[in-house]
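Secondary and tertiary structure notes
Chain by chain, the residues run as shown.
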Amino acid sequence: SVGQYAFSDCSSLVSVALPEDMISLPSYCFLNCTKLTTITWPTALTTINSYAFAGCRFVDNDYTLQLPASVTTIGSNAFGYLHHLVLPSTSPISIASNSFISGYTFLYVPDGMVDMYKVRTNWSNYALVIRPISTYPASFGEQFDANL
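Model, not experiment: these values are computed from the prediction.

Ordered by their spatial adjacency, 4 strands build an open sheet running β5-β7-β9-β10, and the pairing between neighbours is parallel. Edge positions in the open sheet fall to β5 (64–66) and β10 (130–132), since each of these has one partner strand only. Between one strand and the next, the sheet's axes are offset by a mean angle of 25°, whatever the strand orientation. Across 3 bridges, strand β7 (residues 84–86) lies against strand β9 (residues 106–109) in parallel orientation. Bridge pairing in β9 places H84 opposite F106.

And the structure:
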């Protein structure tokens, strides 16, 4: 198992392969892992808890994470400076009101679910940055409005 703060502040961690049977990623487990660039996700993962990847820089502004389709819950401040997050689940994902950095992360959801996500509780906070998966990676050149 992986506990809270397990890899917190590990400045040399670049890659991680999570156990295939892991269903919940503990809070703070990769907090401030500033060089983390590669994550191999378990297909059973359902929950990413609060601050799991807070403080992670994910190398540069064009870095992308694609979560497994099994994810159903994302906690508060779960991700650091992540520019693109692909969420392929066809079931609605529950998030905290501050799961992502507002005005920084583009969120890609299944094409037929974009409008639903834009009005869903807490997702509506990110309505301006929710995109259909079919537009990924075309929006890489898109810039955020500083007024978001």
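The next point concerns the nonpolar core. If you look at the biggest cluster of nonpolar residues, it comprises 43 residues, and the most contacted ones within it are L25, F30, I48, F53 and F79. Here the element with the most residues in this core is β9; it accounts for 4 residues. Residues in contact with F53, not counting those within four places in the same chain, are L25, F30, L36, I39, W41, I48, F58, A78, F79 and G80.

With that out of the way, let us pick up the confidence of the model for the chain. In this model, the chain carries a mean pLDDT of 87, and residues with pLDDT of at least 70 account for 90%. Considering only residues more than four positions removed or in separate chains, one finds that residues 143–148, a stretch of pLDDT under 50, has 9 contacts.

The next subject is the packing of aromatic side chains. Applying the stated criterion across every chain, the model contains 11 aromatic pairs. Judged by centre distance (5.6 Å) and plane angle (5°), the rings of F53 and F79 are stacked. Taken together, the positions of F53 in the loop between β4 (47–48) and β5 and F79 in the loop between β6 (73–74) and β7 put the pair 26 residues apart, joining distant regions of the chain. On the numbers, 6.1 Å between centres and 15° between planes, the contact of F79 with F100 is stacked. Of this pair, F79 sits in the loop between β6 and β7 while F100 is found in the loop between β8 (94–95) and β9, placing the two residues 21 residues apart along the sequence. On the basis of relative accessibility, which here comes to 3%, the residue F79 falls in the buried class. On the basis of relative accessible area, F100 is assigned to the buried category, the value being 5%. Aromatic ring contacts, followed pair by pair, group F7, F30, W41, F53, F79, F100, Y117, W123 and Y126 into a single cluster.

Calculation notes
- Residues numbered from 1 in each chain as written.
- Predicted model: local features only at pLDDT ≥ 70, side-chain atom pairs only at ≥ 80, totals over all residues.
- Heavy atoms only, no water.
- Pairing = 2+ DSSP bridges.
- Helix = DSSP H or I, 4+ residues; strand = E, 2+ residues; numbered from the N terminus.
- Axes fitted to C-alpha atoms, helices over the stretch in contact; angles between N-to-C directions.
- Core = buried A, V, L, I, M, F, W, Y, C linked by side-chain atoms within 4.5 Å.
- Buried < 20%, exposed > 50% of the residue type's maximum accessible area, 1.4 Å probe, protein only.
- Contact = heavy atoms within 4.5 Å.
- pLDDT = per-residue confidence, 0-100.
- Phe/Tyr/Trp six-rings, centres within 6.5 Å; stacked < 30°, edge-to-face > 60°.

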